[in-house]
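# Secondary and tertiary structure notes
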Amino acid sequence: MSLKHPHSPMLDGEPPPPHRRPRGFGSSPSPAPAAGDPSPAPAAPAPPPRRRGGDREREREKERTKLRERHRRAITSRMLAGLRLHGNFPLPARADMNDVLAALARAAGWTVHADGTTFRSSSQPLPPPPAQLPGIFHVNSVETPSFTSVLNSYAIGTPLDSQASMLHTDDSLSPSSLDSVVVAEQSIKNETYGNSDSVSSLNCLENDQLIRASAALAGDYTRTPYIPVYASLPMGIINSHCQLINPEGIRAELMHLKSLNVDGVVVDCWWGIVEAWTPHKYEWSGYRDLFGIIKEFKLKVQVVLSFHGSGEAGSGGVSLPKWVMEIAQENQDLFFTDREGRRNTECLSWGIDKERVLHGRTGIEAYFDFMRSFHMEFRNLTEEGLISSIEIGLGVSGELRYPSCPERMGWRYPGIGEFQCYDRYMQKNLRQAALSRGHLFWARGPDNAGYYNSRPHETGFFCDGGDYDSYYGRFFLNWYSGILIDHVDQVLSLATLAFDGVETVVKIPSIYWWYRTASHAAELTAGFYNPTNRDGYSPVFRMLKKHSVILKFVCYGPGFTIQENNEAFADPEGLTWQVMNAAWDHGLSVIIESALPCIDGEMYSQILDTAKPRNDPDRRHVAFFAYRQLPPFLLQRDVCFSELGNFVKCMHGEATQIMEG
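Residues numbered from 1 in each chain as written. Predicted model: local features only at pLDDT ≥ 70, side-chain atom pairs only at ≥ 80, totals over all residues. Heavy atoms only, no water.

### Describing the overall build of the chain
Looking only at helices and strands, the chain has 17 helices and twelve strands in total. Buried residues in the chain amount to 56% of all 661 residues. Summed over its atoms, the accessible surface of the chain is roughly 28800 Å², and 52% of this surface lies on carbon and sulfur atoms. (Helix = DSSP H or I, 4+ residues; strand = E, 2+ residues; numbered from the N terminus. Buried < 20%, exposed > 50% of the residue type's maximum accessible area, 1.4 Å probe, protein only. Areas by Shrake-Rupley, 256 points an atom, 1.4 Å probe, with all protein chains shown as cover.)

Given below as structure tokens:
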């Protein structure tokens, strides 16, 4: 699921959502006045006064205040977890920030009274500073010019739980200055990175504050299984005319990757660039030049065939092919459509998989021709082993899911999203399914499923005991998820013919919000029929196993506070456990991809724990790891060079050096 943060406020200029009457089986029109009733109809309410600039600024300030409070709670949670983990400080069961500051101050030789009075204790000898342990960071201020410039340019997620951190204090510090040791506030701007609309982009921040603390890579991974590490190359290195931009910059970037012993790179091949202007006319020159440069550095390539658009065309983004957009001017049912009739132009609807609407071709045939052209163009590179695997884009952001949560439609985390089945072709398929079931009145989408930003309990369909578990609800959700599985089957059947034995990859999103509710509403609208009383991933994995593909799972690092998880009933760890174990149980190889750029040891530790589970009795591990980097990669050299270098060594099962923040 590309990237903006799920909690970012509504952008300036976006219209507020229209007021709508509630839907559902219980809704009814307003009663008409009785005949002969002399009382006049009530006057229409006066329109609300127009909001002025001051009101808008106050709303924005409220959002910024909420963000600051969330980050404050996140830091408190992390400090408590780290201090309790190492057992160095006695903290009460319901400790708050005051207890943490008091414990740290006392350890540094200060006296702290119950009323908060704090002073330097001259009668007590100061304890010696604890010795540095291998693999443990000293926590220093990160407010440096080089780090600030990076944070001001790129959106970075905020970690949550400290798995292995140790705070070292200086004797000259006062309790009031301890916060500057642990955290640093930086102003950052949200910038689209890569596939900005992927539910994998959901942790980027937009407003005033970024709070970051260093953490360590916990544990010894020496002699553990070797897991290759691939770094994604940034979007925009190939322009709309399929020309390679700045070859020397690419060489410098690859040289740096090579120095870190990274095994390979991930390259997106965009359908909207290669077959941009004319059907059946493919232009691969820019990718041919890029692969030639990569070959010089003896790096592997994982190719992603991207059959979707990303960002706004003309502003650094990539759209679907121009000839497809011309057809869509006459037939907008090519695109996924929501209940209100709004079209999502990021990818083609699965309803046209078998409809000859693309100049005599079906959607599946257009994908097959593109895949076959790629294989014919670069067959020698696959035979030489330069191209190690090919990922097949199966939906929005290249992920296998419906575009149920589009930010351009006004969706904001943690909204449940909306069903995307209202184009003419999907409705035709639904009608046929209802007829075959013998219930024609079921040939409709649910009318009480809420809107993009609804919560499950606000709807009649997703609430506990709601219609999602009725006879009609089970029919609709089986059909809706069945369309997704059928799309996988159709595309992968032709991919097997096109690539002739080359390893293929399919990406599954991580839709973890509302995971701790009964309906799993966000997963249902995305096409995964996975409520608490049903395993919605096994049918998908059985289809992937049928075609012998590799599963790539989008992995989110620690990014939310406990309070935020409670608000959205989110459980990213629980979803990751379910997906990876179900995939392994079906005999699939698993790849994980970071949803965010990694900037510190804590995020690396989270990924290592996922890639190499310590307590797995079967000693299972992922096939390789795809790393999302800050573009351009060279900007990270002064920020997290040692952390990344040691992370790669841990993935490779090699001995690591002591890392200092």
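The rest of the description comes next.
### With respect to the environment of serine 240
You can see serine 240 is positioned in the loop between strand S3 (229-232) and helix H5 (247-259). Judged by relative accessible area, serine 240 falls into the partly exposed class, the value being 40%. Sequence-wise, serine 240 and isoleucine 273 are 33 residues apart; in three dimensions their C-alpha atoms are separated by 5.4 Å. Discounting chain neighbours no more than four positions away, the residues touching serine 240 are Ile273 and Trp277. (Contact = heavy atoms within 4.5 Å.)

### Some points on the pairing of strand S10 (residues 550-555)
Of all the six residues making up S10, six are buried; the element is thus mostly covered by neighbouring parts of the structure. Neither face of S10 is left uncovered, since the one carrying Ile550, Lys552 and Val554 and the one carrying Leu551, Phe553 and Cys555 both have all their residues buried. Direction of pairing for strand S9 (residues 504-508) relative to S10: parallel, over a ladder of four bridges. Among the inter-strand pairings, valine 506 is bridged to a residue of S10, identified as leucine 551. Summarising the sheet, S10 and strand S11 (residues 590-594) pair through five bridges and their orientation is parallel. Bridge assignment links lysine 552 to a residue of S11, and that residue is isoleucine 591. (Pairing = 2+ DSSP bridges.)

### Some words on the sheet that holds strand S12 (residues 625-627)
Taking strand neighbours around the barrel as the criterion, the eight strands line up as S3-S4-S5-S8-S9-S10-S11-S12 in a closed arrangement whose pairing is parallel. Adjacent strand axes in the sheet meet at a mean angle of 30° when their direction is disregarded. Docked against the sheet, helix H9 (residues 363-384) engages strand S4 (264-270), strand S5 (300-306) and strand S8 (387-392), running at close to 170° with respect to S8. Contacting S10 and S11, helix H15 (residues 572-585) runs over the sheet at an angle of about 170° to S10. (Axes fitted to C-alpha atoms, helices over the stretch in contact; angles between N-to-C directions.)

### A short note on the confidence of the model for the chain
Regions with low pLDDT should not have their predicted coordinates read in detail. Counting all residues, the mean pLDDT for the chain is 76, and 67% of those residues have values of 70 or more. Residue range residues 1-14 is modelled with pLDDT below 50. Its contacts to residues more than four positions away, or to other chains, number 73 contacts. Here residues 631-639 is modelled with pLDDT under 50, and outside its nearest four sequence neighbours on either side it reaches 24 contacts, counting other chains as well. (pLDDT = per-residue confidence, 0-100.)

### So, the UniProt feature "active site" (unreviewed entry) in the chain
UniProt marks Glu399 and Glu593 with the feature "active site" (unreviewed entry), using the numbering shown here. The greatest C-alpha distance among the annotated residues, which extend across 195 residues, is 11.8 Å, indicating that they converge on a single site. With respect to the helices, strands and loops of the structure, glutamate 399 is situated in the loop between S8 and helix H10 (424-437). Along the chain, the position of glutamate 593 falls in strand S11. (UniProt positions renumbered as here; feature names shortened; annotations may be inferred.)

### Topic: the pattern of salt bridges
Pairs can form between side chains of opposite charge whenever their charged atoms are close. Overall, the coordinates contain 21 salt bridges when judged by the stated rule. Ionic pairing is found between arginine 342 and glutamate 418, a salt bridge with its closest N-O pair at 4.0 Å. Of this pair, arginine 342 sits in the loop between strand S6 (335-337) and strand S7 (343-348) while glutamate 418 sits in the loop between S8 and H10, and the two are 76 residues apart along the sequence. Judged by relative accessible area, which is 6%, glutamate 418 ranks as buried. The salt bridge partner of glutamate 593 is lysine 507, with a shortest N-O separation of 3.3 Å. With glutamate 593 in strand S11 and lysine 507 in strand S9, this pair connects stretches of sequence that are 86 residues apart. Of the two residues examined, glutamate 593 and lysine 507, each falls in the buried class. (Salt bridge = Lys/Arg side-chain N within 4 Å of Asp/Glu carboxyl O.)

### Concerning the pairing of S9
Each regular strand displays side chains that alternate between the two surfaces of the sheet. In terms of residue burial, S9 counts as a mostly covered element, since five of its five residues are buried. A two-sided burial pattern is seen for S9, the buried positions comprising Thr504, Val506 and Ile508 on one face and Val505 and Lys507 on the other.

### Thoughts on the packing of H5 against helix H7 (residues 285-296)
Closest axis-to-axis distance for the H5/H7 pair is 10 Å, and the angle between their directions is 35°. Between H5 and H7 lies a crossing whose hand is right-handed. Side by side, H5 and H7 meet where Pro247, Ile250, Arg251 and Leu254 of the first sit next to Leu290, Ile293, Ile294 and Glu296 of the second. Residue composition of the contact of H5 with H7, by class: six nonpolar, no polar and two charged. (Left-handed = near helix turned anticlockwise from the far one by under 90°. Nonpolar A, V, L, I, M, F, W, Y, C, P; charged D, E, K, R; others polar.)

### Focus: the nonpolar core
Of all hydrophobic cores here, the largest spans 145 residues; its most connected members are Tyr287 and Phe291. Residue contributions to this core peak at 15 residues, all from helix H11 (residues 471-499). In contact with phenylalanine 291, not counting residues within four places along its chain, are Val267, Cys269, Val301, Val303, Phe374, Phe378, Leu381 and Leu386. Formed by eight residues, the second largest nonpolar core is a distinct cluster that contains Val266, Val304, Val505 and Ala626. (Core = buried A, V, L, I, M, F, W, Y, C linked by side-chain atoms within 4.5 Å.)

### Considerations on the packing of aromatic side chains
Taken as a whole and assessed by the stated rule, the structure comprises 39 aromatic pairs. Between tryptophan 271 and phenylalanine 307, the aromatic rings sit 5.9 Å apart at their centres with planes inclined by 65°, giving edge-to-face as the arrangement. One end of the pair, tryptophan 271, is in helix H6 (residues 271-274); the other, phenylalanine 307, is in the loop between S5 and helix H8 (322-330), and 36 residues separate them in sequence. Residue tryptophan 271 is classed as buried on the basis of its relative accessible area of 0%. Between the NZ or CZ atom of lysine 322 and the centre of the ring of tryptophan 277, over which it lies, the distance is 4.9 Å. The ring of tyrosine 472 has arginine 444 sitting right over it, with the charged end atom 4.3 Å from the ring centre. (Phe/Tyr/Trp six-rings, centres within 6.5 Å; stacked < 30°, edge-to-face > 60°. Lys NZ or Arg CZ within 6 Å of the ring centre and 35° of its normal.)

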